Amino acid sequence: MIHNKQKYSLIISAAAMCLLFVILIPVLSDELKSEDWYYRQTQDALSAENYTQALSLLEQAKALYPDTTLFNIMLADLYYRKELYSNALTEYQEAETKIPADTYILNQIAFCYGLLNQEEEALTYYEKVLALDPADVETIDWMGWVYQKIYQLKNAEELLLKAIERFGLQGRLAGTLASVYADLYEYEKAKYYYQEAIKLSLADNAPGSAAIYYYNLSIIEKIFYNYAAAFTAAQNAIDLQERASGRRMKGSLLHMQMDFQGAKREYENAAFYDDAPYSKINLAELDKDFGNLLTARERITAILDQRDLSWMLYYSTNTNEYYERLYKLAAEIYTGLAQLEWHTPRAGLIEEVGGIIQSIIYRIQAWYYKEKYKLAAINTGRAYLEADNHLNGYLELMEANTDYKDVALKYCLRAKNIETLLIPKAIPSYTLLQGLILSSPDLLEQALTLLDSYWQKDKICHGLQNLIPFLEQQGKIKKRRLALNRLYGINPGGLIQYGLGLPVELFLEIDDSSIEKQARAHFINMLKKAGSELAKDDENTGFQYQLYIKWDINRQFSFQLIDKATNKLVRSGILTSKQDSLQAQCADLSRRMLFEYIYREK
Amino acid sequence: MSTRYKTQNSILLFILRNAALYFLMLNAFLHVSDILNPLYLSVAFVLTALTAVFLENLKLRFWTASIIALVLPFFLRMLAFFMFYGIQALIPGHETDLLFLFFDKDFFPFLAVYAVVWLFNFLARRYSHFVPIEVLLNTVFLIFIFWNQAFYHISLYPHPSYFALALLVFVLCEIFVLLTAGFIKERTQGGGKKLLVTLGYCALLVIPLFIVFYLVLQDYHEQSAKGFSGLMKPTLFQFDLSPYVQLQSEIELSDDLVLLMRTDGSKQKYLLRRYILSAYDPKRGFFREEKPPQEEQNVFLPDYAFDFPDPGFKARTRQLQEYYLVNFDTSALIALNYPVTSIPYKNWQGSSFTRVYRVISKVWDKYDIPLHPGTLSLWNSLIRRFTYSSLQRIRRAEMDKEQLDHYTEYGQDEQIQDLARTLTDNTEGYYEKVITIYEYLKHNYYYSLKPGISSGENQLHHFLFQVKKGYCSYFAFAMALLCRSIDIPARVVVGFYVGPYSEVPQFYHSGELLNFYEVRAYQAHAWVEVYFNQFGWIEFDPTSTTLAPGEDFDIFLGRTGDEADLRRLIEEILKNQKNLSESTTKRTEDETNLERLGKTFLRGIKIIFSYWYFFFPAVYIIIVLLFKYFPYILFLIIRKKTKKIKNLYAWSVNLVYGRAWVRVKEESLLEYAKRLQKEKKLKFLGFSEYYLKAVFSSGFNAKDFSKAKACYKEFITSYRNHTNILLRVLAILNPRFLWRNKL
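Position numbers for residues count from 1 along each chain, tracking the sequence in the order it is written. Both sets of labels track the order of writing: A upward for chains, 1 upward for ligands. For this predicted model, a pLDDT threshold of at least 70 governs which residues receive local features, and a threshold of 80 or more governs which side-chain atom pairs are given and counted, while totals over whole chains, interfaces and linings are taken from all residues. Neither water nor hydrogens contribute to the side-chain values; these are computed over all heavy atoms in the structure.

1. Some thoughts on the interface of chain B and chain A
Move 1: Counting from both sides, the interface comprises 41 residues of chain B and, opposite them, 43 residues of chain A.
Move 2: Contact between chain B and chain A buries roughly 3900 Å² in total, counting both sides, with carbon and sulfur atoms accounting for 54%.
Move 3: Should a side-chain nitrogen of Lys or Arg be within 4 Å of a carboxyl oxygen of Asp or Glu, the pair is scored as a salt bridge. The interface formed by chain B and chain A contains four salt bridges.
Move 4: Close ionic contact of Glu95(B) with Arg382(A) constitutes a salt bridge, the shortest N to O distance being 2.8 Å. Note on contacts: a residue pair is in contact if any heavy atoms of the two residues lie within 4.5 Å. What gets called buried area is simply the loss in accessible area from a 1.4 Å probe that two parts show on being joined, summed for both.

Here you go:
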C-alpha cells in the first residue's frame, strides 16, 4: 500500500516530468527539423507522390540551409527525372555557385543544356568536367557526340582519337568516332570503328549498344550506295534488339525499292518503339510518295504540332535539319494536293470553282512551306560551311536555290566533284540532279539508264515524274506513254500528284441508251481532266493498259484495268453512285475509280 | 472650294486611305510573318502608293497606266538582279549567291499587295466615286484576312483586346475616309440631308460588318454550346460553363486547354465543381438558382483569402488544390466538393495564366461509390464499413420543407416517376435506391455524342425510353429526376471531369509530372449530387463508359495536348511558385452595398488616375466638342427654320470665337460682322443680317432660310480659306470663351 506521501511524490514527479517534456518539446522540435529531417520527409513525400509537399519541403530546406547543395541537387534531380530541364538547370546552376568543382553538377548542367538543344553551352560544361577529371571517358564520349551534332567534326575526331590513345579502344568511343568518320565521308575508317564498337559491345554483353552500331553502320553503307550491305546491317540490328532505328532503316531500304507494303510494315513496327517522331515522318513520306496525300497531310500536321524536341539529344541532328525535312515534306504534300484538286473530275460550275479555289489554297500553303524549307536549308548550309563540311554545305545551298538554275548548278557541280571522288557510285544520282536543275530531258534519260533498277526505284520514279512533261513538250508522245506506263508499274500513286495520267485504251459500255451519249462524253472528259490520254481507234501504240468500263441499266458501274503486256488484271471494282444528276454521277464514279482504285497501291 | 483646302483634304484622304490599306496588308502578312521581311514590305508599300499617285498625275489613260504599273516591278527586279550579278562577280561567295533568293522571297508575295495598293490609289485619285467602293472592298478583305480567327481563336495577336483595338482603329479610319472624301459634301444640299447621307455612308461600312459579326456571333453562340460538350457558355474571349444546361441532339468536343490543376495524392478521378444547377423546370431543364434555399457553392472567387461556411459533413478529408487558369473566366471558383477555404494569389509578371488560386476542400472519402469492401487495409476497411452502415440506416432526407420541395422538384413527369418506382420497387433503403438508379443508368445505357432529335419534344424521354444513348448531361438529368421523383433530393452539377489520364505525363520516360493535371474543354462534365443526412451532398457520376455501337472516339480521352506547351507552363509555375503572394484585397463581411459601390468607384478613380495621360485629354476633348458642336447638332435635328438659323449662327460664332476674334464691349452684331469682314476677310455680314431677321422678324420665310444658308456657306468658305486645318482644329479645342454669352 502506498502511503499518501509517496503517492503525492509520485504525482509530483510525473507532473515534473511532463512539464520538462513540454518545455523540451520546442527545443526538440527544432532539433527534429534538421537537414536529415527534411531529407527524410522529402523522401517520404516523394514515395507517396505528394510532390507539392516535397517541393515545398525542399524550398524550405534550401532557405534554412543555404550553404548546403543537398537540397538544390535533390530538387534539380527531381526536375531532371521529370524532364523539366529548364528548372533542373536553374537548380544545378545554383548548386554550382556553392560548389563550382563538382563533376556531377557540371555533368548534369551539360546534360540539361544538351537536352535543351543548347549545344555550345553544353560543350563549355563538358570542358569544365574534363578539366577536373580528364579520365572521365563518358564525358569525352558525350563531348565528341555534341561536337558532331554541331558539325565540329575535326574537333570531335581529335578528342576521340586522343582518348582512344590514352584509355584504349572502348565501345562507346569507337561508336562515336565511327559516326564522326561517317560524317566526314571516310568510309573505311567509319566501317572499321563501327565493327570494333559492335565487337566490344557484344563482348560486354550489351546487345542494345551493338544494335545501335549496326544501325549506324547501315547508314554509312547506304550513304556509300552499298544497299545490300545496309540491308544486312539493319537486319542484324533488329536481330540483336528490337529497336525503332533498325526497323526504320529496313523500311527506308524497302521504300527505295518502292515496296509500299513492306516499308509500311517496317515503319509501323518502328513507330511502336520510337520515342522520336522519325517513324511518323517516314510514314508521312511513304504516304506522300504513294499518293495517299490526305493521310500524309494529317501525319505531317500532327508532327509539326509536336514542339517538344528533347529527344534530339540522342540523335545526330539539330532543330534546323529536322524542320528542314518537315517543311520540305509539307511543301511536297501540298503541291501534290494542289495537283490532285486541279485534276479531280467534277460536276458543275460551282464544284469546278470550288476545286480551283481549293487548289489555289493548297498552292499557297505549298509556297509557304517551300519558303520555310529554303530558309532552313540556307541556315543548315551555312552551318555546314562554317564547320568546313563543304559537301553537305553545297548540297544544302543547292536545295535552297533550285529556282535559280545557275546558282543551284554551281553548287551541284561542286558537291559532285567532292562526292564522286569519294563515292563513284554517286554519279547517276548527280546526273539526275543535274537533269532536274537544268530541266534537261537528255540528262534525265541518261540518269534513268544509270540508276540501279532494284535499289533506286524511288529515284527512277522521281526521274520519270520530271521527264514525262518534257517528253510531251518535245512531242515525243510514244516515249511519253512508255514512261507513264513504266511509272505506273513502279508506283501507281505517283502520277496524279504530278498532274500525270495513265494512257489507256478505253472500252466504254453504257447499257442505258437514253443517257449513253451524254454519259460517254462525261466519262471521256473526266478521264481527260484527270490527265489520262485515251487511245484513238487508229493509233494505240504505247498504250499498255486497257480500261473496260460497263455501266449497266441498273446503274451499276464496273471497271477493269488490264495490262496488255502480261494480260493480267491490274485493278477492278464495282461501284454505285447516289448522286442526283447524270454529270454528278459520272464525276463521282470517275473520281472513285481513279483515286480509290487505279491510282492507289494495292 | 479653295485649292489649298482641296490639297489639304486630298493629302489627308491619301494618308487615311493608305493607313487602312497598310493595316490590311500587315495583318495579311502576320499569317506568314516568319518568312517575310516587314521592312521590305513597308518600303515597297510606300513606293507603290507614290507610284500610283505619280502615274495618275501624268493623266495617262487607265489601261496605259496599268500596263506601266504591271511592267514596273519586273523591270525593277531585273535591275536588282543585274546589280546582284555585279556584286556576285565582285564578291563571290555563298552569301552573294543568296541575294536573288532573299529578294524574291518578299518580291513575289508582295505582288498581290502591289496590285491592290496601286489600283486602289490610282482609282481613288482618278474617280472620287471609288472611295466608298474601296471602303466596302477593304471590309471584304478584312473578313477574308481574319476568317481563320473565327470562334475567337485569336492567334495573330498576343491578346484578343489588341485585336479588338486594331479593328476599332480600322473602322474609325474608314469612317474618317468617308467623311474626308468630300464626297458627302458634294452630294448634299442641306444640313439634314447631309446628316442622313453621312449616316448612310457610315452604314455602308458598318452594316455589312455588323451583319457579318452578328452572323459569326450567332453561329458562334450556337456552335460553342454544341462544340464544347453542350455545357460551355459562349463568352467573348474565355470559357466558362453555362449556369443552365439544355439537352442537345449532337455535340462536339474541343481540346482547348482550360486550366491546370495540382493536387497531391495518388491518381484517381476528380470532379471539379463549377455550378450547382439545383432548380428544375421541364422547359428550361436544370439551371442555377440565384437564391437557393440551401447555401450552395460560391460561384465567384473572392479577391482575398476567404473561409466559406462549413456545414460539417461527416466522412470528409481535407484536400488542397491549386488552380492555374489558362483560358477560363478569371472570376470563376472551381473546386472539389465542397470548398471551405479559397486563397487567391497575385499573379507574377508575364504570367501565362490569367488567375492562380488555392482551394481547400473537404472531400468525400477517397473511395468510389458504391462502396465495396475492397482490398484496403483493415483500418480503411473498418471505416468503410462504418460509413456504409451509417448510410444504410438513412430512411429519408432530413431537410426543411422548402429545401425538400426545391431539391425534389421533377416537373411531375409521371413516366419518370413510374420508371423510378419500378427500379426501386424491391429496394428498401434510401442509399440502396440511389445506387440502384445509378447502376441502372451506368450499365444499361450507352455513351454517345449524337443522341439524335426526339420525335416528340422531350429529349430526355428520347434518351431514357427510346435510343438509350446520350452524353453526360442526359445521364445527369435522368439520375437527378429519377431520384427526385421518389423524394430523394438530388441536383445536377457542372464542372470538369479529371481522370487519371489527365495527369500530365513525362514525355520521354514513363511517369507523371509532379501531380499536375491538365483540364481541357472536352472534360466539361455534368454529374449528380445526392443528399445524405450528416454526410451532405455526395457525388455520383452515372455517365456510362460504354460507347454506343458505331461510334468510335475515345471517351477516356487520353491526352491530346502538346507536351512541350504543357511542360513550358509547368516549368513557369515551378519557377514562380515561391514568389506567389496572397492577394490581400480585404473587405469585411458587414460591408454594405453602398460601401462596396464606393470602393468600386474609388477603384475606378484609381484606374483613371493611373492612365491620366489618356483619360484627361479624352474627357477634355469630349466636353469641348460637346459644347462647341451642340448648336450645330441642334441645327441638324430641329425642324423650325428660325431656330435652325439661330443655332447655325451660334455654331458659326463658336468657330470665330475659337480664333479669339471676339466681340468687344458695346459692339453690335452687325458692327462685329463688319469688323470681321474688314480685318479678317470673313464674309460674316450677310449671314448676321439674316440671323437678326430670323430672331426679330416675324416674316422670316423659306426663301430667307435658303439665302441664310447660302450666306453661311459663303462664311464657311471664307473661314476655311483664311484658316488652315491645324488652326481650325485648335480653334475647336480652344476652351476660351466657352461659357461666354456670345450673342
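And the narrative resumes.
2. Points about the sheet that holds strand 10 (residues 335-336) of chain B
Residue and element names in this part refer to chain B.
Move 1: DSSP-based pairing: two strands are paired if at least 2 bridges between them are found. In DSSP terms, a helix is any run of H or I states spanning at least four residues, a strand is any run of E spanning at least two, and both are numbered starting from the N terminus. Strand order in the open sheet formed by five strands is 10-5-15-18-19, and the pairing between neighbours is antiparallel. The open sheet has two edge strands, strand 10 and strand 19 (536-540), and neither has a second partner.
Move 2: Note: strand 18 (residues 524-532) against strand 19, five bridges, orientation antiparallel. Residue pairing in the sheet places Val 530 in a bridge with Ile 538 of strand 19.
Move 3: Here, axes are lines fitted to C-alpha atoms. For helices the fit covers the stretch in contact, and angles between N-to-C directions go from 0 to 180 degrees. Sitting on the sheet, helix 15 (residues 472-485) touches strand 15 (490-498), strand 18 and strand 19, and the angle it makes with strand 18 is about 15 degrees.

3. What to know about the packing of helix 19 (residues 349-386) of chain A against helix 5 (residues 99-126) of chain B
Move 1: For the pair helix 19 of chain A and helix 5 of chain B, the least separation of the axes is 12 Å and the interaxial angle reads 165 degrees. In terms of their interaxial angle, helix 19 of chain A and helix 5 of chain B are classed as roughly antiparallel. The handedness of the crossing between helix 19 of chain A and helix 5 of chain B is left-handed. For the pair helix 19 of chain A and helix 5 of chain B, contact is made by Trp367(A), Glu371(A), Lys374(A), Leu375(A), Ile378(A) and Arg382(A) and by Leu101(B), Phe102(B), Lys105(B) and Pro109(B), respectively. Relative orientations are named as follows: roughly parallel for angles under 35 degrees, roughly antiparallel for angles over 145 degrees, roughly perpendicular for angles from 65 to 115 degrees, and oblique for any other angle. Left-handed describes a crossing whose near helix is turned anticlockwise from the far helix by less than a right angle; the clockwise case is right-handed.

4. What about the nonpolar core?
One recurring pattern in soluble globular proteins is that nonpolar side chains are buried together.
Move 1: We define a nonpolar core as any set of buried Ala, Val, Leu, Ile, Met, Phe, Trp, Tyr and Cys residues linked to one another through side-chain atoms lying within 4.5 Å. Note on classification: 1.4 Å probe, protein chains only; a residue is buried when its accessible area is under 20% of the maximum for its type, exposed when over 50%, partly exposed between these limits. Counting 265 residues, the largest nonpolar core has Tyr322(A), Trp551(A) and Met593(A) as the members making the most contacts within it.
Move 2: Ranked by residue count, the leading element in this core is helix 5 of chain B, at 13 residues.

5. Looking at the pattern of salt bridges
Move 1: Applying the stated criterion across every chain, the model contains 58 salt bridges over all chains.
Move 2: Among the charged side chains, a network of salt bridges with common partners joins Glu59(A), Lys62(A), Glu91(A) and Glu94(A).

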